[in-house]
Amino acid sequence: MDQSKASKAAQGMALHGVLNVNKPDGWTSHDVVQRLRSGLGIQKVGHAGTLDPHATGVLPVLIGKGTKIAQYLLGWEKEYGAVLQLGQRTDTQDAWGTVLEEFPVESLTEDRIRSVFATFQGSIQQVPPMYSAVKIGGQPLYKKARRGETVDRPAKTVVIHDLEIQRLNIPEVAFRVVCSKGTYVRTLCEDIGNVLQVGGHLKWLQRRRVGPIHVDQALEVESLLGGLEFSHLDGAFLSLDQALEGFHAVEVDSDDARKVLHGNAISWDRVVNTYVESRVSPKGDNMVRVKQKDGQLLALGRGPVFQTGKGGPVLAIETVFS
């Protein structure tokens, strides 16, 4: 299938959801989006969760109406395979930066390394690296870093759910990490190296999982633009409903469905077949999928919540998929 046929096939499928793409080494996440947008002829393409250029693995690519759900996917848990290089500290915290310091590693022992790794499980504090997209003063840090600037960055709490050494061959440590959103594996490597007093940086990184999306089902960019049959995505594509299945579902009848598609709130007592606890949340933190009785996903909303001027709790509509 040539590129023009791939484009026609993709448009004919009317894809809306999340495509599991294996980001190649050397590509930015934006490169992947641009390549698929032009190659498939689909205007609305985005991604959820940036990968550094030299990292590979799962990049959730949002297609069509899938671009509306990026904010709801950023909280997905992530799993990485990584290699820590001990004995060197770099300005980018990875192997592609400038070496700032080198340290002898002869005194390191396997027991000491394992002991330090164990201290990084659970909730930890991380200072975002200078070479990152975090904004301070309205400007991404990496732009300041490229000018040779260093600024104070507030530490933030991230959660390391699981941290497992898989191969230890000093000065290299291969490990697996399952972590919360906002975790920098580069920074984790440097922080471990600093505690060991020998410095350290990230040598290799593969994102193996983002939420329910696994790297062993990821598709190569060129296969998407080449001979792939779009009707056989073999688990590499999640519909909007599948991608959002972490949220409970509620149903509305056909009359209320029309109101939902116009973004109008529905009285909570009209919502049927609810699978959430019927407790009223003044802060509106009960996110739900809103569906028709035939199973069609209409919107994302919050409920039951209070709204000013409403006599009772309502289902408030947040994002419509019309």
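In this text, all values refer to a predicted model and were calculated from it rather than measured experimentally.

### Regarding the overall build of the protein
Consideration 1: In terms of regular secondary structure, the protein is built from nine helices and 20 strands.
Consideration 2: For the protein, with 322 residues in total, the buried portion stands at 48%.
Consideration 3: Long-range pairs, those at least 24 residues apart, make up 67% of the contacts in the protein with a sequence separation of at least 6.

### Regarding helix α4 (residues 110-118)
Consideration 1: Every buried residue of α4 is accounted for by Ile113, Val116 and Phe117. Taken down its axis, α4 places every buried residue within 105° of arc, on the same side. Away from the buried face of α4 by more than 90 degrees, exposed residues Asp111 and Ala118 are located.
Consideration 2: Contact partners of the buried residues in α4: β4 (78-86), β10 (156-169), β11 (172-179) and α6 (185-195).

### Things to note about the sheet that holds strand β16 (residues 248-252)
Consideration 1: Here five strands make up an open sheet; going across it, the order is β16-β18-β19-β20-β17 and the pairing mixed. With one partner strand each, in any of the chains shown, β16 and β17 (266-267) form the two edges of the open sheet.

### Quick look at the confidence of the model for the protein
In regions of low pLDDT, the predicted coordinates are not meant to be interpreted in detail.
Consideration 1: On average, residues of the protein score 88 in pLDDT, and 89% of them are at 70 or above.
Consideration 2: Below pLDDT 50 for its whole length, residues 8-12 participates in eight contacts with residues either more than four positions away or in separate chains.

### Observations concerning the nonpolar core
Consideration 1: Phe117, Phe175 and Val177 are the most contacted members of the largest nonpolar core, which has 29 residues in total.
Consideration 2: Residue assignment for this core shows that the elements contributing at least two residues are β4, α4, β10, β11, α6 and β12 (200-210).
Consideration 3: By size, the runner-up hydrophobic cluster in this structure holds 19 residues, among which are Leu15, Val33, Leu59 and Ile63.

### Quick notes on unusual backbone geometry
Consideration 1: A cis amide bond links isoleucine 170 to the next residue, proline 171, at an omega of 15°.
Consideration 2: Locating proline 171 in the fold gives a position in the loop between β10 and β11.
Consideration 3: Note the cis peptide between glycine 303 and proline 304, where omega equals -5°.
Consideration 4: Secondary-structure assignment places proline 304 in strand β19 (residues 297-305).
Consideration 5: At glutamine 93, a residue that is not glycine, the phi angle is positive and equals roughly 70°.
Consideration 6: Topologically, glutamine 93 is positioned in the loop between β5 (88-90) and β6 (99-102).

### Remarks on the layout of surface pockets
Consideration 1: The calculated volume of the largest pocket comes to roughly 1,200 Å³.
Consideration 2: What lines the largest pocket is a set of 40 residues, and nearest its centre among them are Thr50, Leu51, Asp52, Tyr184 and Arg186.
Consideration 3: If you list the elements that add at least two residues to the lining of the largest pocket, you get α2 (29-40), β4, α5 (141-146), α6 and β12.
Consideration 4: Per-element accounting of the lining of the largest pocket gives the leading share, four residues, to β12.

### As for the side chain of threonine 92
Consideration 1: Counting through the fold element by element, threonine 92 comes out in the loop between β5 and β6.
Consideration 2: Exposure remark for threonine 92: the relative accessible area of 12% places this residue in the buried category.
Consideration 3: Of note is the side chain of threonine 92, whose polar atom sits 2.5 Å from the side chain of aspartate 94.
Consideration 4: Not counting chain neighbours up to four residues away, the residues in contact with threonine 92 comprise Gly97, Tyr131 and Arg186.

### Let's talk about the environment of leucine 84
Consideration 1: Along the chain, leucine 84 falls in strand β4.
Consideration 2: Each C-alpha atom, one on leucine 84 and one on valine 173, is 5.0 Å from the other, the two residues being 89 residues apart in sequence.
Consideration 3: Sequence-distant contacts of leucine 84, that is, excluding residues within four places in its chain, are made with Phe117, Pro171, Glu172, Val173, Phe175, Cys189, Ile192, Gly200 and His201.

### Overview of the packing of aromatic side chains
Consideration 1: Under the definition given, this model contains two aromatic pairs.
Consideration 2: Measuring from centroid to centroid gives 6.3 Å for tyrosine 72 and phenylalanine 247, while their planes differ by 90°, and the two rings are edge-to-face. You can see tyrosine 72 sitting in helix α3 (residues 70-73) and its partner phenylalanine 247 sitting in the loop between α8 (240-243) and β16, a full 175 residues away along the chain.
Consideration 3: Relative to phenylalanine 175, the ring of phenylalanine 117 has its centre 5.5 Å away and its plane inclined at 70°; by these criteria the two rings are edge-to-face. Taken as a pair, phenylalanine 117 in helix α4 and phenylalanine 175 in strand β11 lie far apart in primary sequence, 58 residues in all.
Consideration 4: For phenylalanine 117, a relative accessible area of 3% translates into the label buried.
Consideration 5: The exposure class of phenylalanine 175 is buried, given its relative accessible area of 1%.

Criteria and thresholds
- Residues numbered from 1 in each chain as written.
- Predicted model: local features only at pLDDT ≥ 70, side-chain atom pairs only at ≥ 80, totals over all residues.
- Heavy atoms only, no water.
- Helix = DSSP H or I, 4+ residues; strand = E, 2+ residues; numbered from the N terminus.
- Buried < 20%, exposed > 50% of the residue type's maximum accessible area, 1.4 Å probe, protein only.
- Contact = heavy atoms within 4.5 Å.
- Arc of directions from axis to C-beta.
- Pairing = 2+ DSSP bridges.
- pLDDT = per-residue confidence, 0-100.
- Core = buried A, V, L, I, M, F, W, Y, C linked by side-chain atoms within 4.5 Å.
- 1 Å grid on protein atoms, 1.4 Å probe; cavity = no way out; pocket = protein on both sides within 12 Å on 5 of 7 lines; lining within 4 Å.
- Points joined across faces, edges and corners; volume = space filled by probe spheres on them.
- Polar contact = N/O pair within 3.5 Å; in protein donor to acceptor, adjacent residues only side chain to side chain.
- Phe/Tyr/Trp six-rings, centres within 6.5 Å; stacked < 30°, edge-to-face > 60°.

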